[in-house]
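# Reading the structure
Residue-level listing of the chains:
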Amino acid sequence: MDFNVKKLASDAGVFFTRAVQFTEEKLGQAEKTELDAHLENLITRADGTKNWTEKILRQTEVLLQPNPSARIEEFIYDKLDKKLPSRGTNAELLGQYMLEAANEFGPGTPYGSTLITVGEYQKRLGSAERELLHTSATTFLTPLRNFLEGDWRTISKERRLLENRRLDLDICKARLKKAKQAEAKAALLSEEVDKAEHELRVAQTEFDRQAEVTRLLLEGISSTHLNHLRCLHDFAEAQATYYAQCHHYMQDLQRELNRCANSVSAPLSSAAVCPDPVSSAFLSGPPSPGATVSSSSQRPSTLTMEQSQLPVTGTRKAKVLYDYDAHDASELSLLADELITVYTVPGMDPDWLVGERGNEKGKVPVTYLELLS
């Protein structure tokens, strides 16, 4: 191997000189060239962006994958540029266990058939979770990681180079100062001063050029913030879709369990046989616009105390809480905040009312309404 001894010695000398300059600055024995205020502000803002991006990235990973061993495995496969083996979510695994247990206990038994029902919905919840993990990794985690491993590394490299140029500049300033002092004492020739002044001009030019390059890179942090803002919207939308899917899956499961209980027990004891697994407060929330669910899962399933006391033949005004799209000709579409007239008819499902808006009439879900006195 052919070593360039002269270059190696020169590099070692430059490194040593910079180290001496840096040490003397820390000890207050040498002057330091300060960066302009704008560049210092850009550096501070960039450091804050880097630090908070790291924290947000790490905590999002913990949120999406609480198991530290699984996170380490994903990190290793990512660094090795290999595809991570397919792994089901905890909900999918629970659902699979329930289905296997149902086969052993007997699918035709009440317990076995209920295990099958709950197991299927657990697998749906797990599938929705897996979709959330995939979407979040693609639209949120990957852009943040790309910034830290790409743009930030470039910025850090140019900042280190700027610091070296600053040290070289201050070294040249110190040499020129010493040369002028020696010239004043007639201990140094004027050509040495000229040489020091030339080296200072070169160092100043290189420092200014590097400061401009660094400034341009740091100003790009604003574009990084805009990109991360879009990614944050995508992440929030993915979460909204996931939780809306979970909400509707649990509503469907509740109806299935209640139907199962009603088929084997009297209506008055159905609540004791098959308790309501989802609180009425949770069920009163609006469906997410981004969620993709079946029409049956969008229908409300509970009736509040006030609504259950509604006169059979009386009419009332009601304020619409959320938008609702009719699923067939018997239903009436609703727009949030509009006022409609509602009433019931004998034998009608208590979860629904008849709504009127002008000449339009149709069934409307109770939980989408606020009944007015």
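Residues numbered from 1 in each chain as written. Predicted model: local features only at pLDDT ≥ 70, side-chain atom pairs only at ≥ 80, totals over all residues. Heavy atoms only, no water.

### Observations regarding the overall build of the protein
Broken down by element type, the protein carries 10 helices and five strands. Buried residues in the protein amount to 34% of all 373 residues. Of the contacts made within the protein by residues no fewer than 6 positions apart, 69% connect residues no fewer than 24 positions apart. Looking at the protein as shown, the accessible area adds up to about 23,200 Å², and 56% of this sits on carbon and sulfur atoms. (Helix = DSSP H or I, 4+ residues; strand = E, 2+ residues; numbered from the N terminus. Buried < 20%, exposed > 50% of the residue type's maximum accessible area, 1.4 Å probe, protein only. Contact = heavy atoms within 4.5 Å. Areas by Shrake-Rupley, 256 points an atom, 1.4 Å probe, with all protein chains shown as cover.)

### Points about the sheet that holds strand β2 (residues 339–343)
One open sheet holds the five strands; their spatial order is β4-β3-β2-β1-β5, and the pairing between them is antiparallel. Only two strands of the sheet have a single neighbouring strand rather than two, namely β4 (360–365) and β5 (369–371). When strand polarity is set aside, the average angle formed by the axes of neighbouring strands in this sheet is 40 degrees. Of the strand pairs in this sheet, strand β1 (residues 315–320) and β5 are connected by three bridges, and their pairing is antiparallel. From the neighbouring strand, Lys 319 faces β5, where its bridge partner is Glu 370. (Pairing = 2+ DSSP bridges. Axes fitted to C-alpha atoms, helices over the stretch in contact; angles between N-to-C directions.)

### Let's talk about the nonpolar core
Residues Leu 35, Leu 39, Phe 140, Leu 162 and Leu 218 are the most contacted members of the largest nonpolar core, which totals 44 residues. For this core, the secondary structure elements donating two or more residues are α2 (37–64), α4 (90–105), α5 (110–184), α6 (190–219) and α7 (221–264). Broken down by element, the residue count for this core peaks at 18 residues, all from α5. Not counting residues within four places of it along the chain, the set of residues in contact with Phe 140 comprises Ile 56, Thr 60, Thr 135, Cys 231, Leu 232 and Phe 235. Formed by 17 residues, the second largest nonpolar core is a distinct cluster that contains Leu 334, Val 354, Tyr 368 and Leu 371. (Core = buried A, V, L, I, M, F, W, Y, C linked by side-chain atoms within 4.5 Å.)

### Quick look at the pattern of salt bridges
In the structure shown here, the tally under the stated rule is 18 salt bridges. Across the salt bridge formed by Arg 165 and Glu 206, the nearest N and O atoms sit 3.8 Å from each other. Taken as a pair, Arg 165 in helix α5 and Glu 206 in helix α6 lie far apart in primary sequence, 41 residues in all. The class for Glu 206 is partly exposed, based on a relative accessible area of 32%. Between Arg 357 and Glu 338 there is a salt bridge, with the nearest N and O atoms lying 2.8 Å from each other. Placement of Arg 357 in strand β3 (residues 352–357) and of Glu 338 in the loop between β1 and β2 is noted, with a sequence separation of 19 residues between them. (Salt bridge = Lys/Arg side-chain N within 4 Å of Asp/Glu carboxyl O.)

### A word on α2
Because an α-helix packs 3.6 residues into every turn, residues spaced three or four apart end up facing the same way. The terminal C-alpha atoms of α2 lie 40 Å apart, and with 28 residues this matches the ideal 40 Å at 1.5 Å per residue to within 8%. Along α2, the residues that are buried comprise Leu 39, Leu 42, Ile 43, Ala 46, Thr 49, Thr 53, Leu 57, Thr 60 and Leu 64. Among the residues of α2, the N-terminal cap falls to Asp 36, whose side-chain oxygen and the backbone nitrogen of His 38 are separated by 3.1 Å. (Expected span 1.5 Å × (residues − 1). Polar contact = N/O pair within 3.5 Å; in protein donor to acceptor, adjacent residues only side chain to side chain.)

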